[in-house]
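Topology and contacts: notes
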Amino acid sequence: MSIHFTVSGLTRNLIHSLGLDHERAPRHLTAEQNLLLECYLAGQIPESAWSDYVFEMPELEKHATARRRRNAA
């Protein structure tokens, strides 16, 4: 017998916030997420709003961190 289940977005966020996800590469962003990232990096989104977006879509922070590292080098 096998059990199959899917991880909901809320559970995925909880796992991420606990630091239990060990994904090497961030997932690809949708067009909307990419636009949010570009606006944030350009300083058009305040930190408080960015925190809300990151809570809902943790992969945004992974991409922002990766982009900052790439630009710093």
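Structure shown above.
A brief report on the enclosed structure follows. (Residues numbered from 1 in each chain as written. Predicted model: local features only at pLDDT ≥ 70, side-chain atom pairs only at ≥ 80, totals over all residues. Heavy atoms only, no water.)

Mapped onto the elements, R68 comes out in helix 4 (residues 59–72). Along the chain, R68 and L41 lie 27 residues apart, while their C-alpha atoms are 8.6 Å from each other. Excluding residues that lie within four positions of it along the chain, R68 makes contacts with Y40 and E61. (Helix = DSSP H or I, 4+ residues; strand = E, 2+ residues; numbered from the N terminus. Contact = heavy atoms within 4.5 Å.)

Turning to the side chain of E59, a few remarks are in order. Tracing the sequence through the fold places E59 in helix 4. Apart from the residues lying within four places of it in its own chain, the contact partners of E59 are R27, L29 and Q33.

A word on the packing of aromatic side chains. Under the criterion given, the structure shown has 1 aromatic pair. For the ring pair Y40 and W50, a centre distance of 3.9 Å and an interplane angle of 5° mean the geometry is stacked. One end of the pair, Y40, is in helix 2 (residues 31–41); the other, W50, is in helix 3 (residues 47–56), with 10 residues separating them in the sequence. Under the relative-accessibility criterion, Y40 is labelled buried at 10%. Assessed through its relative accessible area of 2%, W50 is described here as buried. (Phe/Tyr/Trp six-rings, centres within 6.5 Å; stacked < 30°, edge-to-face > 60°. Buried < 20%, exposed > 50% of the residue type's maximum accessible area, 1.4 Å probe, protein only.)

Worth remembering: the numbers are spatial, not functional.
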